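Chains, contacts and geometry: an overview
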Amino acid sequence: MPCPSRSDELVFFVNGRKVIERNADPEVTLLMRLTGTKYACGRGGCGACTVMVSKRDPTSQEIRHFSVTTCLVPICSLYGAAVTTVEGVGSMKTRLHPVQERIAKSHGTQCGFCTPGMVMSMYTLLRNHPQPSEEQLLEALGGNLCRCTGYRPILASGKTFCLESNGCQQKGTGKCCLDLGENDSSSLGRKSDVSPFALSSPQEYHLTPTRMTENPEKRTLTFHGERVTWISPGTFKDLLELKAKHPEAPLILGNTSLGPAMRSKGCLHPILLSPARISELNVVSKTNDGLTIGAGCSLAQVKDILAERVSELPEEKTQTYRALLKHLKSLASQQIRNMASLGGHIISRHSYSDLNPILAVGNATLNLTSEEGTRRIPLSEHFLAGLASADLKPEEILESVYIPHSQKWEFVSAFRQAQCQQNALPDVNAGMRVLFKEGTDIIEDLSITYGGVGAATVSAHKSCQQLLGRQWDELMLDEACRRLLDEVSLPGWAPGGRVEFKRTLVVSFFFKFYLQVLQELKKLIKPFPNSRRYPEISDRFLSALEDFPGTVPQGVQRYQSVDSHQPLQDPVGRPVMHLSGLKHATGEAEFCDDIPMVDKELCMALVTSTRAYAKIISIDLSEALEIPGVVDVITAKDIPGTNGTEDDKLLAVDEVLCVGQIIFAVVAETDVQAKRAIEKIKITYEELEPIIFTIKDAIKHNSFLCPEKKLEQGNIEEAFEKVDQIVEGEVHVGGQEHFYMETQRVLVIPKTEDKELDIYVSTQDPAHVQKTVSSTLNIPINRITCHVKRVGGGFGGKIGRPAVFGAIAAVGALKTGHPIRLVLDREDDMLITGGRHPLFGKYKVGFMNNGRIKALDIECFINGGCTLDDSELVTEFLILKLENAYKIRNLRFRGRACLTNLPSNTAFRGFGFPQGTLVTESCITAVAAKCGLPPEKIREKNMYRTVDKTIYKQAFNPESLIRCWNECLDASSFHNRRKQVEEFNKKNYWKKRGIAVIPMKFSVGFAATSYHQAAALVHIYTDGSVLVTHGGNELGQGIHTKMLQVASRELKIPMSHLHICETSTAMVPNTIATAASVGADINGKAVQNACQILLKRLEPIIKKNPEGTWEEWIEAAFEQRISLSATGYFRGYKAFMDWEKGEGDPFPYYVYGAACSEVEIDCLTGAHKKIRTDIVMDACCSLNPAIDIGQIEGAFIQGMGLYTTEELKYSPEGVLYSRGPDEYKIPTISDVPEEFNVSLLPSSQTPLTIYSSKGLGESGMFLGSSVFFAITDAVAAARKERDIAEDFTVKSPATPEWVRMACADRFTEMVYICPLPLEPPSHPTPWAIFK
Ligand SMILES: Cc1cc2nc3c(=O)[nH]c(=O)nc-3n(C[C@H](O)[C@H](O)[C@H](O)COP(=O)(O)OP(=O)(O)OC[C@H]3O[C@@H](n4cnc5c(N)ncnc54)[C@H](O)[C@@H]3O)c2cc1C
Ligand code: FES
Ligand code: FES
């Protein structure tokens, strides 16, 4: 078949409008063409780019609506399809869709970067199921990540559409807290608050024009791009002909395997064959002995087909189908399952494939077709291993897959363990099948395959053969485990690491299978022929069989209502919706990269070091500069001013200090060209020594960034001599990636006059960007204006780094004279920017037998990376905050920041507190274990009780701390539940529950007065409208909303009169970073000051005409030449710390809180489920309880991520492995505790702050540790029962790997006994190192 040299027209629809692309490039994805849809990972892993696609099914001719992640959708795949984006669903200009309205009204948006994706996932669900079940809702949102909200309010908004939901269904009563009058919130998503959902409105249907593919063309379509040609045949015959002609060309279906490989591994396929229009690949046929499913069916369709078959057939026939269904529920996200095809899944043969192990044991066969004819091959271990003799021929395609029914006496099961339950690639999975001789427990046939334990899916064929003829009993189990460990061998250096864990899972899964089958046999054979041999399973062991089902979280949020005398107009203290909430939901909220392309704009990409510590010997740019579109390369030599500091250069010169250090930047016409150029640059290095990555190595080499920080009180040595017992221990806390959904981005626009620059940047500190650009370009600060409209999440990661990116882009703009846009890929962002400091802590604690702690000595080391950044400050804060809520007379805290060859770590929500205090709380648990008392008793005994002084002699009153603690114990019914947990643990051997309650004293603010100053500028215009500007940045924490609440109260006008446009260094100069939880406090004071000045000026006019309107007063003021613009200023809270004396008043105030969490762990897999969390937080008089609860919940879930799933792994060469959502797991919607309650403590007065409110941005983070301690509590219960030492090294995160290995048992023992293959000399190092 000839391939035409001219491209066909690509026709599709976007929001009902026809799009005709005359030169469609197969390498362009839909994401590149859309604006309301966000880029956050580019790998299909976060859902930020979700839209709905509507396509006519080639077989049924019905239109299917499904969600997709546009970053993986090539535009060429859209021929004839209709795309609905968030803009098409509804807008502020026209009409809001109820999904948009409800997510905003339920406070489901903070930074709003994830919101368009959330809206589209929900919208698509409703398009298909107008009244979905809560499970369907959970499934639909499982692939959408949110780093801000903690998901609860998003889910709450979705639940309002669900059939069975009636508000929060508090405590199973079926009623909503809103109706029970327990919650003052009038706008937290009550059904009646929102307009009725009208899916049948014409607005919906014009988006999916029915004419789109009614008569699908049968001719072949061809689209030629710069490097790739896309061919889409219209008939099966043409497809086979094309495959014969281009045997090397892959078939492109969902692009979820090809796409990521082309992106991250740089695989280029000059020809792609798209069989999307071939109906033969979508045929499904049912026979008496099995089911044939077309290879082109999506995994979502496969799920539906299997579910239907399961409902039609007797249970014995559907064993394989049910096993497949089990994995199809947790495989990837809804969006990926909608896109990915069965054929693509099988042919990709990923070692982690969730379906191939089951299909293999289920004896599935592959129906292949080529021009030569058809043939069948088994989906066997040889096929999975890619043996040529068992594989497809290059000209063959997979047409369909045949999966036979199971039979009586046959059992099939599937197992899977991943870092978290949903949307995570499995660490290990397995498919297992056994067939018994009829009426007996004699094994006639057995097949076991594993994924994740090698380069391909592995079959344990030999072991299975050796077990044939054996009885299904304990002896067989023991032998099988030994054989499996022997056959499924994993070397210590195996990619992916976690070797011992994976080996343990190999046998643990088999044990689960053994028990499952035993249970089934019990039902089938009564009585069993030889009862002596028939092992009874005690009820205590049955818990091994239960999986953790996905449960839809419930919860209640409690806060105090405002005084009934407060004027209605006064919004302070009310749960006002985020100002941008609706715009977030419609995609109209503009982020930095949404700014339309400006005239002559160029793109920048960064070249980073691939060596951890090396001299740069040579750089060859020649090939890169030849790439069409490449304009220039920016090096350190182009910097007219200063290149950062001596120790922290913007662009490396001669030497690099870590992998990911920026060396130079490429400027090109497009982002793609700039990135292609980078691949062509050759840099040679000479390695330097010593290379240091870990804290241990840094201590060994005495490699530190700053002097030790120390605080001491009492006489620690003397105290240790007088105590009953002393315990020493170690605690390891891993680092954390900020994973703000909006990666770092900046747009620098040089102006034609006076070297002026406009910089649009995603930052928490625009003044720092401005200052850095000024020193880098050597131009005065007054020529540079930084604008921040909103930031898509910061969490501390956008305080220091944006200045680096802004300065490099500014050098590019100055040199080329063009506007420069720099948008970091997720991979680069994670590689370059660094995150939370990992910590290693050693403690020695002396205590009396009653649990009273008399002496505590803690030494902490944090991994600062290769430059100082904030590491010294983080060390100081860590030491200052280590005592947490405890009064211990004799204390010594020491801390040091290690200098290593890793990217520099920086500020992160909590600023050292979440890591350091984990050490303190671990001491408490260790003391409890030694005293034989529950940890909460030790906590209570040692907690501050009365007005007192901290270790640094700052006086404070712990009354609210005690109140939070007591309320939390009460609200969570802690003591009862502690007993229930103990009862549960007695009854269950393989599942254990744990419960923990943690108190918190969190100090807010910076330890310096000058950092607490703030300014605001308020203009009143002649129509009475007011423009407020202040020094804080909108990061999603709702600061702008709170500022308008303040201005509204002060000026006594409704919020609708007020507006905030952006944060700009031209409006408010010399601002402080929005950080340390005090943004709203200090800027609120400045706004208040400005408003009070203005009101004072207006007073004579108001007095003269008290019945006048605001507009009349303003008009009069203007007539009388009264200035209607005022600057407000707040000089800052007094704060200082004298490190010489170890004394000071470093913090303006404390936030107190307590959290109780209960979990259940699976001792065989290490998985856990969060049963319930109760948080009580002292917010004093909250400015906006909806926003504050949002901050608490979001921070809690982020903290839970830190302590349970988020794990950074580096190669032995210092290269970060975890550079995207697939390797780095932040919590997903299914990680929210099943019951999640948050209460704000009824107000106490804090006169210092604005209206006695408190800053709650960071504190909730540490409360996530209650989940960690609940997990360790459960682990301790398991260890106690197994008679293993109860004190164990505390390591955070408590990943499934850690939990499984800590719950040592006969299976972990087998793994240790059965040695790993010896490491060959070429692989002397493990796969990954910890920082
Ligand atoms: C974010 C994300 C999360 C994921 N999570 C999981 C997970 O948890 N568990 C899991 O098992 N998998 C997971 N996957 C992998 C996913 O299942 C596979 O990528 C997917 O099934 C591949 O299907 P596709 O249609 O997209 O293949 P494509 O990318 O379109 O094609 C893949 C390959 O298959 C070949 N091919 C496709 N169809 C045929 C055919 N009919 N005949 C011959 N060759 C064919 C192509 O030539 C190509 O080489 C995940 C993927 C992503 C992107
Ligand atoms: S899924 Fe597309 S950007 Fe993350
Ligand atoms: S609101 Fe979800 S990522 Fe910010």
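Residues numbered from 1 in each chain as written. Chains lettered and ligands numbered in written order. Predicted model: local features only at pLDDT ≥ 70, side-chain atom pairs only at ≥ 80, totals over all residues. Heavy atoms only, no water.

Within the chain one finds 40 helices and 47 strands. Here the C-alpha radius of gyration of the chain, 31 Å, is about what a compact globule of 1331 residues would show, namely 34 Å. Principal-axis analysis of the C-alpha atoms places the extent of the chain at approximately 95 × 80 × 70 Å. A sequence separation of at least 24 residues applies to 78% of the contacts in the chain between residues at least 6 apart. Approximately 47600 Å² of the chain is accessible, and the part contributed by carbon and sulfur atoms is 51%. (Helix = DSSP H or I, 4+ residues; strand = E, 2+ residues; numbered from the N terminus. Rg over C-alpha atoms; globule rule 2.2 N^0.38 Å. Contact = heavy atoms within 4.5 Å. Areas by Shrake-Rupley, 256 points an atom, 1.4 Å probe, with all protein chains shown as cover.)

Our focus in this paragraph is helix α26 (residues 801-816). In an α-helix, one full turn covers 3.6 residues, which means residues spaced three or four apart are oriented alike. With 16 residues, α26 should reach 22 Å at 1.5 Å per residue; the first-to-last C-alpha distance of 23 Å fits that figure. Of all the 16 residues making up α26, 14 are buried; the element is thus mostly covered by neighbouring parts of the structure. One or two steps after α26, the chain reaches G817, where phi turns positive at roughly 75 degrees. (Expected span 1.5 Å × (residues − 1). Buried < 20%, exposed > 50% of the residue type's maximum accessible area, 1.4 Å probe, protein only.)

Every one of the 33 residues lining ligand 1 counts as a neighbour, but L253, T256, L258, S341 and D354 are closest to it. N255 is positioned such that a nitrogen or oxygen atom in its backbone is 2.9 Å from an oxygen atom of ligand 1. The contact in question runs from an oxygen atom of ligand 1 to an N or O atom on the side chain of T256, over 2.6 Å. Contact with the protein chains removes 92% of the 980 Å² of surface that ligand 1 exposes when unbound. For the shell around ligand 1, the secondary structure elements donating two or more residues are α13 (342-348) and β13 (397-404). The element that contributes the greatest number of residues to the shell around ligand 1 is α13, accounting for 5 residues. Residue classes in the shell around ligand 1 are distributed as 19 nonpolar, 11 polar and 3 charged. (Near = heavy atom within 4 Å. Polar contact = N/O pair within 3.5 Å; in protein donor to acceptor, adjacent residues only side chain to side chain. Nonpolar A, V, L, I, M, F, W, Y, C, P; charged D, E, K, R; others polar.)

So, on to the sheet that holds strand β11 (residues 365-370). With respect to topology, 5 strands assemble into an open sheet ordered β9-β10-β13-β11-β12, the strand pairing being antiparallel. Looking at strand neighbours, the two that pair on one side only are β9 (284-286) and β12 (373-378), the edges of this open sheet. Taking the axes of each pair of neighbouring strands and ignoring which way they run, one obtains an average angle of 20 degrees across the sheet. The sheet contact formed by β11 and β13 spans 5 bridges and is antiparallel. Bridge pairing links L368 to L398 in β13. With respect to the sheet, helix α8 (residues 236-245) is in contact with β11 and β13, its orientation differing from that of β13 by roughly 115 degrees. Contacts between helix α10 (residues 299-312) and the sheet are confined to β9 and β10 (290-294), with β10 contributing the most and set at about 165 degrees to the helix. (Pairing = 2+ DSSP bridges. Axes fitted to C-alpha atoms, helices over the stretch in contact; angles between N-to-C directions.)

The next subject is the side chain of R433. With respect to the helices, strands and loops of the structure, R433 is situated in strand β15 (residues 426-436). R433 sits in the buried class, given a relative accessible area of 3%. At 2.6 Å, the side chain of R433 and the backbone oxygen of V361 are in polar contact. A polar side-chain atom of R433 sits 2.8 Å from a polar atom in the side chain of D445.

If you check UniProt for "active site" (unreviewed entry), the listed places come out as E1258 in our numbering. Note that E1258 resides in the loop between β46 (1235-1240) and α37 (1260-1263). For E1258, a relative accessible area of 12% translates into the label buried. Excluding residues within four positions of it along the chain, E1258 makes contact with R909, G910, F911, F1002, A1076, S1077 and A1195. Reaching out from E1258, the side chain makes a polar contact with the backbone nitrogen of G910 at a distance of 2.9 Å. (UniProt positions renumbered as here; feature names shortened; annotations may be inferred.)

Here the focus is the sheet that holds strand β8 (residues 271-273). One open sheet accounts for 3 strands, arranged β6-β7-β8; its pairing is mixed. Each of the sheet's edge strands pairs with one partner strand only, and the pair in question is β6 (221-224) and β8. Across the sheet, the mean angle from the axis of one strand to that of its neighbour is 15 degrees, orientation sign disregarded. In terms of strand pairing, β6 meets strand β7 (residues 229-232) through 4 bridges, oriented antiparallel. Across the sheet, residue F223 finds its bridge partner in β7, namely W230.

One finds Y450, W472 and F510 to be the most contacted residues of the largest nonpolar core, which totals 259 residues. For this core, the element with the highest residue contribution is helix α18 (residues 499-524), accounting for 14 residues. When sequence neighbours within four positions are dropped, the list of residues in contact with Y450 reads V428, N429, A430, M432, A456, T457, V458, L484, V488, V506 and F510. Counting residues in hydrophobic clusters, the runner-up holds 69 residues, among them A24, V53, L313 and L359. (Core = buried A, V, L, I, M, F, W, Y, C linked by side-chain atoms within 4.5 Å.)

Time to look at a negative patch on the surface. Judged by side-chain charge, D1023, E1111, E1112, E1115 and E1119 come together as a negatively charged surface patch. Its location among the elements puts E1111 in helix α35 (residues 1110-1119). Given the relative accessible area of 32%, E1111 is considered partly exposed. (Patch = residues over 30% accessible without salt bridge, like charges linked within 9 Å, V, L, I, M, F, W, Y side chains within 5 Å. Salt bridge = Lys/Arg side-chain N within 4 Å of Asp/Glu carboxyl O. Lys, Arg positive; Asp, Glu negative; His and termini not counted. Charge placed at Lys NZ, Arg CZ, Asp CG, Glu CD.)

On to the side chain of K1254, then. Tracing the chain through its elements places K1254 in the loop between β46 and α37. Relative accessible area serves as the criterion here: at 5%, K1254 is assigned to the buried category. In terms of polar contacts, K1254 uses its side chain to reach the backbone carbonyl oxygen of Y1150, at 2.7 Å. Apart from the residues lying within four places of it in its own chain, the contact partners of K1254 are D1081, Y1149, Y1150, V1151, Y1152, D1178, A1179, C1180 and T1246.

Residue P690 is reached from E689 by a cis peptide bond, and omega for that bond is -5 degrees. In this structure, P1293 follows S1292 across a cis peptide bond, with omega equal to 5 degrees. Counting through the fold element by element, P1293 comes out in the loop between β47 (1290-1292) and α39 (1296-1302). One non-glycine residue, R349, lies in positive phi territory at about 50 degrees. Tracing the backbone shows R349 in the loop between α13 and α14 (356-361). Even without being glycine, D654 reaches a positive phi, approximately 65 degrees. Note on placement: D654 falls in the loop between β21 (630-634) and β22 (655-656).

The next point concerns helix α27 (residues 826-833). Of all 8 residues making up α27, 7 are buried, and the element is well covered by its neighbours. Among the residues of α27, R826, E827, D829, M830, L831, I832 and T833 are the ones counted as buried. A positive backbone phi angle near 70 degrees is found at G834, which sits one or two residues after α27.

Next up on the list: the pattern of salt bridges. Tallied over the entire structure, the rule returns 79 salt bridges. Between R540 and E1281 there is a salt bridge, with the nearest N and O atoms lying 2.2 Å from each other. Of the two residues, R540 is situated in helix α19 (residues 539-542) and E1281 in helix α38 (residues 1265-1281); the sequence distance between them amounts to 741 residues. In this structure, D857 and R894 form a salt bridge, with 3.4 Å as the shortest nitrogen-oxygen distance. Of this pair, D857 sits in strand β32 (residues 853-865) while R894 is found in strand β33 (residues 890-899), placing the two residues 37 residues apart along the sequence. Assigned by exposure class, D857 and R894 land together as buried.

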